[in-house]
Amino acid sequence: MTLKRLVEILAQEQRIHERILKAKRDERKLLAAGDADKLLKNTERISDLTEQAKEWEERRIEASNRIAEEWGVWKDGLTLKDLLEALPPANRAELEQARQSLKTTLEAVRSANRSNRLILQRSVSAIREQLKQRTPHQESGVYTSKGVLAQSEARRAGLNIRV
């Protein structure tokens, strides 16, 4: 296994994560627009891309471990940083650049995830607050066929339901 192959794997993994980042940014727009159908399709796309990213990550780990074994620096939990520290300076530049690019992209994906989670949390809070304002604070009861107010035995989702 060569360093060049590892750099190619990192580049492919980064391309997948860039596509995930774009989908996450699209997700933010769809959340704001409230377009459930497009949001579902986008979520499916993100899921597919995530599976691809996992496959490339596994390839990267395998390639890193092979190189580490060849260079005699293998250890459990080997990272690209560990590998870089063990390599001669002449072999570091391209691998360091690929590592840094992937790291930057992954940080952007994490940031987009946090932002989208915040949007969702705020949306859910706003919906809950609106529902609180629209639901009665006390039991309204149920009228019988004779028009007499009877106590309801069950209440579901803010509605009086007789069982």
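An account of the accompanying structure is given in this report.

Details of the overall build of the protein
In terms of helices and strands, the protein carries four helices and four strands. Along its sequence from the N terminus, the protein presents helices and strands in the succession α-α-α-α-β-β-β-β. Burial status across the protein gives 28% buried among its 163 residues. When the accessible surface of the protein is totalled, it reaches about 11,500 Å², and 50% of it is carbon and sulfur.

Quick notes on the side chain of Gln14
In this structure, Gln14 sits in helix H1 (residues 3-33). Note on Gln14: relative accessible area 15%, which makes it buried. Excluding anything up to four places from it in sequence, Gln14 contacts Ser101, Leu102 and Thr105.

A closer look at helix H2 (residues 36-71)
In a regular helix each residue adds 1.5 Å, so 36 residues correspond to 52 Å; H2 covers 51 Å between its end C-alpha atoms and thus fits that length. Residues Leu39, Asn42, Ile46, Leu49, Ala53, Trp56, Arg60, Ala63, Ser64, Asn65, Ile67 and Ala68 constitute the buried set of H2. Phi turns positive, to about 75°, at Gly72, one or two residues after H2.

As for the pattern of salt bridges
For the structure on display, the rule yields 10 salt bridges. One salt bridge in this structure joins Lys38 and Asp35, with 4.0 Å as the shortest N-O distance. The class for Asp35 is partly exposed, based on a relative accessible area of 25%. The salt bridge partner of Arg99 is Glu96, with a shortest N-O separation of 3.3 Å. Here Arg99 pairs with Glu96, and both are found in helix H4 (residues 92-134), just three residues apart, close to one helical turn.

Brief notes about the nonpolar core
It is characteristic of soluble globular proteins that their nonpolar side chains tend to be buried jointly. Membership of the largest hydrophobic core comes to 24 residues, with the highest contact counts inside it found for Leu6, Leu10, Ile20, Leu83 and Leu95. Every element with two or more residues in this core is listed here: H1, H2, helix H3 (80-86) and H4. Considering every element that reaches this core, the biggest residue donor is H1, with eight residues. With near-sequence residues (within four places) excluded, Leu83 lies in contact with Leu6, Ser64, Ile67, Ala68, Val73, Leu78 and Leu95.

So, the packing of aromatic side chains
As enumerated under the stated definition, the model contains zero aromatic pairs in all. Above the plane of the ring of Trp56 lies Arg59, whose end atom (NZ or CZ) is 4.1 Å from the centre.

Criteria and cut-off values
- Residues numbered from 1 in each chain as written.
- Predicted model: local features only at pLDDT ≥ 70, side-chain atom pairs only at ≥ 80, totals over all residues.
- Heavy atoms only, no water.
- Helix = DSSP H or I, 4+ residues; strand = E, 2+ residues; numbered from the N terminus.
- Buried < 20%, exposed > 50% of the residue type's maximum accessible area, 1.4 Å probe, protein only.
- Areas by Shrake-Rupley, 256 points an atom, 1.4 Å probe, with all protein chains shown as cover.
- Contact = heavy atoms within 4.5 Å.
- Expected span 1.5 Å × (residues − 1).
- Salt bridge = Lys/Arg side-chain N within 4 Å of Asp/Glu carboxyl O.
- Core = buried A, V, L, I, M, F, W, Y, C linked by side-chain atoms within 4.5 Å.
- Phe/Tyr/Trp six-rings, centres within 6.5 Å; stacked < 30°, edge-to-face > 60°.
- Lys NZ or Arg CZ within 6 Å of the ring centre and 35° of its normal.

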